[in-house]
Amino acid sequence: APFAMAVFLFLVMEGFQRLIQERIAFMSAGMSRAVAIFGVLVGFGLFIALLARGIAQFGEQASDYEGKINSLIGDVYGALQLGPAPTLTEIMFDERGQRFFATIAGAMGDLSGDLVIILIYVAFLFLAQSAWAPKLDRIFHDDATRAQVSKIGHAARRGIETYLWTQTVISVMITVLTYITLVALGVENAIFLSGLIFILNYIPTIGSIVAAFVPMLFALVQPEVPGWIPGGAQDGYVFAAIVFAAVSFWQFMIGNFVQPRIMGESLNISALVVLLSLAIWGAIWGIPGMFLAVPIMVALMIVCAHIPWLRPVAVLLSREGLPDDGSSDEDDDAPASIAA
């Protein structure tokens, strides 16, 4: 999983470098690559700092949130007639709570180690890049075979970059509109919640559903409910329902009306295949696998579409049975190797 994430990050940096070179003609390849790497790393660092600031802000209000959560636990136990309700502290420090937080702590430790490994992999991918072209030329001696391999490589790269670009634009639109909505409704720590929504929207279908529920849950445990709530200052349930409806509205409108127009035919994959790929890659690699599931399937479908005996697989993976064969003019002028 760390190596797959490193390849993913490497492709993002390479795509950013090509964009810089196309827009700024006087910038050399080395300088544009340095700017791309620096820009991606700085953006990633700022995003991590934003999430850390949000977590710290929640920590400062921990006692207030604990009181609200204890009240909600009491309401649930009373409605279900389960007897005396435990407090949040009792739940956290019983045997199940200790196991849960031990799992979270282990996952965070693994994530920190994986980030370092991913950056090391990315560095070595850049160092090894110059040797790819001669290696591939020695593997494929026939000109026609080299041209076909180059065509597959360019088509796969272009498909992944197109998906990432369109998904980023859509995620930014949803995030900005959601942030404005959360601020207008009076939800605390709206920047942190919007950052979570931005990440979740990279996971198709499931991510959008989770992104609609996350702000609702935080609104439900928010210590102070805005005074404009019709049920009064104590009615957090009405507030949470309004937040859920508002966030779901943007997810639904953009996901059903704006996203198809922006994405067009760039994601020519069956919706069923997307769900199955999320389940399969999520089971193999966990959360990173769910982020990488669609780019992997895009590349797999394009590769299968270029290989005659695997084309039936591409037909099954595609949305309407018409996989992209990548036969564009750009591919006809492609260099003699994938790395080029």
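Here, the structure is the one placed above.
Residues numbered from 1 in each chain as written. Predicted model: local features only at pLDDT ≥ 70, side-chain atom pairs only at ≥ 80, totals over all residues. Heavy atoms only, no water.

Participant: Would you take a moment to explain the overall build of the protein for this structure?
Facilitator: Of regular secondary structure, the protein possesses 14 helices and zero strands. Counting only residues that meet the buried cut, the protein has 34% of its 340 residues in that class. For the protein, long-range pairs separated by at least 24 residues make up 66% of all intrachain contacts whose partners lie at least 6 apart in sequence. When the accessible surface of the protein is summed, it comes to about 18,800 Å², and 70% of that surface belongs to carbon and sulfur atoms. (Helix = DSSP H or I, 4+ residues; strand = E, 2+ residues; numbered from the N terminus. Buried < 20%, exposed > 50% of the residue type's maximum accessible area, 1.4 Å probe, protein only. Contact = heavy atoms within 4.5 Å. Areas by Shrake-Rupley, 256 points an atom, 1.4 Å probe, with all protein chains shown as cover.)

Participant: How should the packing of aromatic side chains be read in this particular structure?
Facilitator: Each aromatic ring pair is characterised by the separation of its centres together with the angle its planes make. Taken as a whole and judged by the stated rule, the model has seven aromatic pairs. Aromatic pair Phe 3 and Tyr 121: ring centres 5.3 Å apart, planes at 85°, arrangement edge-to-face. Of this pair, Phe 3 sits in helix α1 (residues 2-23) while Tyr 121 sits in helix α5 (residues 95-128), and the two are 118 residues apart along the sequence. Residue class for Tyr 121 comes out partly exposed when judged on its relative accessible area of 34%. Ring geometry for Trp 281 versus Trp 285: centroids 5.2 Å apart, planes at 40°, classification tilted. Of this pair, Trp 281 and Trp 285 both sit in helix α11 (residues 271-285), four residues apart, which is roughly one turn of that helix. (Phe/Tyr/Trp six-rings, centres within 6.5 Å; stacked < 30°, edge-to-face > 60°.)

Participant: Can you walk me through the packing of helix α7 (residues 143-185) against helix α12 (residues 287-306) in this structure?
Facilitator: In contact at an axis separation of 9 Å, α7 and α12 are set at 150° when each is read in the N-to-C sense. One finds that α7 runs roughly antiparallel with respect to α12. Our pair here, α7 against α12, has a crossing hand that is right-handed. Here Gln 148, Lys 151, Ile 152, Ala 155, Ala 156, Gly 159, Ile 160 and Tyr 163 of α7 lie close against α12, whose contacting residues are Val 294, Pro 295, Val 298, Ala 299, Ile 302, Val 303 and His 306. (Axes fitted to C-alpha atoms, helices over the stretch in contact; angles between N-to-C directions. Parallel < 35°, antiparallel > 145°, perpendicular 65-115°, else oblique. Left-handed = near helix turned anticlockwise from the far one by under 90°.)

Participant: Sorry if this is basic, but what is going on with the environment of Arg 33 here?
Facilitator: Its place among the elements puts Arg 33 in helix α2 (residues 29-60). On the basis of relative accessibility, which here comes to 25%, the residue Arg 33 falls in the partly exposed class. For Arg 33 and Met 13, which are 20 residues apart along the polypeptide, the C-alpha to C-alpha distance reads 7.7 Å. Excluding anything up to four places from it in sequence, Arg 33 contacts Glu 14, Gln 17, Phe 126 and Gln 129. Here Glu 14 takes part through its side chain, which lies 3.5 Å from a polar atom of the side chain of Arg 33. (Polar contact = N/O pair within 3.5 Å; in protein donor to acceptor, adjacent residues only side chain to side chain.)

Participant: Please explain a nonpolar patch on the surface as it appears in this structure.
Facilitator: Residues Val 172, Val 176, Tyr 179, Ile 180, Val 183 and Ile 191 make up a contiguous nonpolar surface patch of roughly 470 Å² in combined accessible area. Looking at which element gives the most residues to the nonpolar patch, the answer is α7, with five residues. With respect to the helices, strands and loops of the structure, Tyr 179 is situated in helix α7. (Patch = residues over 30% accessible without salt bridge, like charges linked within 9 Å, V, L, I, M, F, W, Y side chains within 5 Å. Salt bridge = Lys/Arg side-chain N within 4 Å of Asp/Glu carboxyl O.)

Participant: I'm lost on the environment of Arg 146 in this one. Help?
Facilitator: With respect to the helices and strands, Arg 146 occurs in helix α7. The class of Arg 146 is buried, set by a relative accessible area of 17%.

Participant: Would you mind going over α2 with me for this structure?
Facilitator: Each α-helix winds once per 3.6 residues, and so residues spaced three or four apart point in a common direction. Between its first and last C-alpha atoms α2 spans 46 Å; for 32 residues at 1.5 Å apiece the expected length is 46 Å, and the two agree. Within α2, burial applies to Ser 32, Ala 36, Val 40, Leu 51, Gly 54 and Phe 58. (Expected span 1.5 Å × (residues − 1).)

Participant: What am I meant to see in the pattern of salt bridges here?
Facilitator: Two side chains carrying opposite charge are able to pair once their charged atoms lie near each other. Per the counting criterion, the structure on display carries two salt bridges. Between Arg 33 and Glu 14 there is a salt bridge; the shortest N-O distance is 3.5 Å. Within this pair, whereas Arg 33 is found in helix α2, its partner Glu 14 is found in helix α1, the two being separated by 19 residues in sequence. The class for Glu 14 is buried, based on a relative accessible area of 8%.

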